[in-house]
Amino acid sequence: MKAIEIKASGPPDVLRPCVRPVPTCARGEVLIRVHAAGINRPDLSQRMGKHMPPPGVTDIPGLEVAGTIVAGDLAGSRFAPGDAVCALLPGGGYAEYCTVPLGQCLPVPEGLSMAEAASLPETFFTVWSNVYDRAHLKRGETLLVHGGASGIGVAAIQIATALGSRVWATASSDEKCRACEALGAVRGINYRTEDFGQVVREGTGGSGVDVILDMVGGDYLQRDVDCLADDGRVVLISMLGGPAGSIDLAQLMRRRLTVSGSMLRARAAPVKAAIAVSLRRHVWPLLEAGAIKQVVHACFPLEEAAAAHRLMESGTHVGKIVLLVRD
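Throughout, residues of each chain are indexed from 1 in the direction in which the sequence is written. In keeping with the model being predicted, local features are shown solely for residues with a pLDDT of at least 70 and side-chain atom pairs are shown and tallied solely at 80 or more, while totals for entire chains, interfaces and linings include all residues. In computing side-chain properties, one takes all heavy atoms of the structure into account and sets aside hydrogens as well as water.

(A) Geometry of the sheet that holds strand 10 (residues 187-190). For two strands to count as paired, DSSP must find a minimum of two bridges between them. Secondary structure elements are taken from DSSP: a helix is a run of H or I of four residues or more, a strand is a run of E of two residues or more, and numbering for both begins at the N terminus. With respect to topology, six strands assemble into an open sheet ordered 10-9-8-11-12-13, the strand pairing being parallel. At either end of the open sheet lies a strand with only one pairing partner, and these are strand 10 and strand 13 (258-261). Each strand of the sheet is rotated relative to its neighbour by a mean of 15°, with strand direction disregarded. Residue contacts are defined here by distance: any two heavy atoms, one from each residue, within 4.5 Å place the two residues in contact. Angles here are taken between N-to-C directions and fall from 0 to 180 degrees, while the axes themselves are lines fitted to C-alpha atoms, restricted in helices to the stretch in contact. Each of strand 8 (142-145), strand 9 (166-171), strand 10 and strand 11 (209-214) is contacted by helix 6 (residues 196-203), which is oriented at about 165° to strand 9, the strand it contacts most.

(B) Examining the pairing of strand 3 (residues 29-38) more closely. Of all ten residues that make up strand 3, nine are buried, and the element is covered over most of its length. Two elements, strand 3 and strand 6 (residues 97-101), share five bridges in a ladder whose sense is antiparallel. Pairing of Val30 across the sheet is with Val100, part of strand 6. Pairing geometry for strand 3 and strand 4 (residues 64-72), over seven bridges, is antiparallel. Residue Ile32 lies in a different strand from strand 4, and its bridge partner there is Ile69. Across three bridges, strand 3 lies against strand 15 (residues 320-324) in antiparallel orientation. Within strand 15, the position partnered with Ala36 by the bridge is Leu324. Each residue is placed in one exposure class: buried if its accessible area under a 1.4 Å probe, protein chains only, is under 20% of its type's maximum, exposed if it is over 50%, and partly exposed if it falls in between.

(C) Quick look at the nonpolar core. The nonpolar core is taken to be a set of buried Ala, Val, Leu, Ile, Met, Phe, Trp, Tyr and Cys residues, with the residues joined through side-chain atoms within 4.5 Å. Phe124, Leu143, Ile159, Leu279, Val283 and Trp284 are the most contacted members of the largest nonpolar core, which has 49 residues in total. Beyond its immediate chain neighbours, meaning those up to four positions away, Trp284 contacts Cys86, Leu106, Pro107, Pro109, Leu120, Phe124 and Leu279.

Shape is all these values report; function is a separate question.
Listed below in structure tokens is the structure:
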């Protein structure tokens, strides 16, 4: 099969087309004929040698795909060979075929293209597991999303809005802020020109937000705490601002605040399968009804994976970037 491999750690041009054997299924896995694969920041980190696959996982990058089931361990499931699915992978998505635990597969939502479906799993699993499973965002509560124009941000804004929360979102330009608002955010905040904490406090009548989804970390951490409501929760999913941050512990204790974090890729397959069940129950109907619209910024042929990585690194995109593996 055709695939993309990382010849050595470095810039996008280290991504090279190659030929690899078609993978074989282990127990509980299925083989997927890949039509499209999503690009995610952990792919860029892996390319640079900073976010390596878990033990036993292929070195081929790619954490999400859409395609058709070819074969595998389907006993007792709702799936059959030929079914169109999208799936969250531990790796291996930049290829014509991949294997994945069956529990991490979801049907392609009715009305979505393969490219749109391929851009769902990594972001939607991440948002659900952090905003709902960890931070327990409830209907009527408020959410601040950092990086609102990213794939994660686009998903978080729409899911939370559709499920009854008011959402604020930070972004790097006025244009991206307006895009966040078009997706449902009550206010996009240009973090280059505005103080997000001040905007949030003013927008909530001084009370602050209940939950913050933070992919920055670093010096954002104390600023997050400052604009939380009492009993508020911050959940960290990345460290774009660096791995170190300080926090006022007295405020944390006095106001009963919670700061937590998680990484999705290394979590056990049963945990990811449970997230898939929740998404199918709570979010897939919203996708099929058009209440949530997946935003694909650009598509590239598989062989142009390096160009796709360069676009993501530029930070000019809104939504997801996808590799097209087959017509």
